[in-house]
Amino acid sequence: MKFNKEIPLKDGGTLLLRSLGAQDAQQALAVCRKTAGETLNLIRYEDEWTMTLEQEAAYLKKTEDDPKSLMLGAFIGDTLAGVGSFLPCAAVDRARHRASLGISILKAYWGRGIGTAIMQTLIDEVKKTAAEQLELEVVAANERAIRLYERFGFVEFARHPRKLKYRDGTYADMVLMMLDLRDKA
Ligand SMILES: CC(C)(COP(=O)(O)OP(=O)(O)OC[C@H]1O[C@@H](n2cnc3c(N)ncnc32)[C@H](O)[C@@H]1OP(=O)(O)O)[C@@H](O)C(=O)NCCC(=O)NCCS
């Protein structure tokens, strides 16, 4: 779906939240690669972002055209500082009531309220779709993200032991969280 809104930040800056389209493919890929290299809390290593520009452009166009999906870019001026999204969990009738959420912000922009603004927008917009629950997975040690999710009402419903294995041989458990969207206009 399409989205476009300016949001004031506490530090006096302005955040532009807008849906990403094919024209944003280069910036979006660069941000995904960079954030992957800045944290152990995402599923891929930086060098595993192997999507071509054409593939990324096609993906962003498809997402922007889909009324059940939102790929949001968070811009400070012309700079893409982070991305957040919701997508249907699966394209089958028995999973149509579930959407999954993801969020990733460049380290230089953490702690400015961008994560909060993205979360609020994703939740507001997913409520306009038929989704009844919003789901996510987060590395158990990612306290900052878990606090953010809990602030918006997400609750833990399971843990996946050793879901990630890092290249140094260590593991990370993941926490599965969900937000019940029913009867919450
Ligand atoms: C987790 C993540 C999304 C949080 O985003 P963020 O933009 O730093 O989040 P916010 O700034 O909105 O909120 C984080 C904290 O900063 C505080 N904060 C918000 N605005 C602030 C401001 N202007 N000045 C100082 N602190 C502020 C919030 O109160 C919050 O505090 P808390 O510690 O009590 O929760 C971000 O760190 C990130 O992308 N990390 C890497 C990828 C990742 O882990 N993604 C999640 C995968 S499941």
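Up top is the structure these notes are about.
Nothing here was measured: the structure is a model prediction, and the numbers come from that model.

Conventions we followed
- Residues numbered from 1 in each chain as written.
- Predicted model: local features only at pLDDT ≥ 70, side-chain atom pairs only at ≥ 80, totals over all residues.
- Pairing = 2+ DSSP bridges.
- Helix = DSSP H or I, 4+ residues; strand = E, 2+ residues; numbered from the N terminus.
- Axes fitted to C-alpha atoms, helices over the stretch in contact; angles between N-to-C directions.
- Contact = placed C-beta atoms within 7 Å.
- Near = placed C-beta within 6 Å.
- Nonpolar A, V, L, I, M, F, W, Y, C, P; charged D, E, K, R; others polar.
- Parallel < 35°, antiparallel > 145°, perpendicular 65-115°, else oblique.
- Expected span 1.5 Å × (residues − 1).
- Buried ≥ 20, exposed ≤ 12 C-beta atoms within 10 Å, placed from the backbone.
- Arc of directions from axis to C-beta.
- Core = buried A, V, L, I, M, F, W, Y, C linked by C-beta atoms within 7 Å.

> For the sheet that holds strand β5 (residues 98-105), give the residues involved together with the corresponding values.
Here eight strands make up an open sheet; going across it, the order is β1-β2-β3-β4-β5-β6-β8-β7 and the pairing mixed. Edge positions in the open sheet fall to β1 (4-8) and β7 (155-165), since each of these has one partner strand only. In this sheet, neighbouring strand axes are inclined to one another by 25° on average, regardless of whether the strands run parallel or antiparallel. Contacts from helix α4 (residues 143-151) reach β6 (133-139) and β8 (171-180), with the element oriented near 160° to β6.

> Give a description of the site of the ligand that names residues and reports values.
Not every one of the 23 residues close to the ligand is listed here, only the nearest: Ile 105, Trp 110, Gly 113, Gly 115 and Thr 116. For the shell around the ligand, the elements supplying multiple residues, two or more each, are β5, α3 (114-126) and α4. Element by element, the count of residues in the shell around the ligand is highest for α4, at four residues. Taken together, the residues that form the shell around the ligand break down as eight nonpolar, ten polar and five charged.

> Before we move on, can you summarise the environment of Lys 5 with the specific residues and values?
Its location among the elements puts Lys 5 in strand β1. As a C-alpha pair, Lys 5 and Arg 18 span 13 residues in sequence and 6.3 Å in three-dimensional space.

> Go over the packing of helix α1 (residues 25-38) against helix α2 (residues 53-65), please, and point to the residues and values.
Axis separation between α1 and α2 bottoms out at 9 Å; the angle between their running directions is 105°. Classified by the interaxial angle, the pair formed by α1 and α2 is roughly perpendicular. Contacts between α1 and α2 pair Ala 25, Gln 26, Ala 28 and Leu 29 from the former with Leu 53, Glu 56, Ala 57 and Leu 60 from the latter. Class assignment for the residues of the contact of α1 with α2 results in six nonpolar, one polar and one charged.

> Explain α3 residue by residue, including any values.
Helix length check: α3 (13 residues) gives 18 Å between terminal C-alpha atoms against 18 Å at 1.5 Å per residue, within 8%. What α3 keeps buried is the set Ile 114, Gly 115, Ala 117, Ile 118, Leu 122 and Val 126. For α3, the angular spread of the buried residues around the axis is 160°, confining them to a single face.

> Just give me the short version of the nonpolar core, but keep the residues and values in it.
Judged by nonpolar contacts, the single largest core of 36 residues is most densely connected at Ala 28, Leu 72, Ala 74, Ile 118 and Leu 134. Here this core gets five residues from one element, more than from any other, and that element is α3. Once you skip the residues sitting within four places of it in the chain, Ile 118 turns out to touch Leu 17, Leu 72, Ala 74, Gly 82, Gly 84 and Ile 103.

> Provide a residue-level description of the pairing of strand β2 (residues 14-19), including the pertinent values.
Taken together, the five bridges between β1 and β2 define a ladder with antiparallel strand orientation. Across the sheet, the residue bridging to Asn 4 is Arg 18, located in β2. From the end of β1 to the start of β2, which pair antiparallel, there are five residues, and Gly 12 there has a positive phi angle of about 95°. Taken together, the four bridges between β2 and strand β3 (residues 70-76) define a ladder with antiparallel strand orientation. Its bridge partner being in β3, Ser 19 is matched across the sheet by Leu 72.

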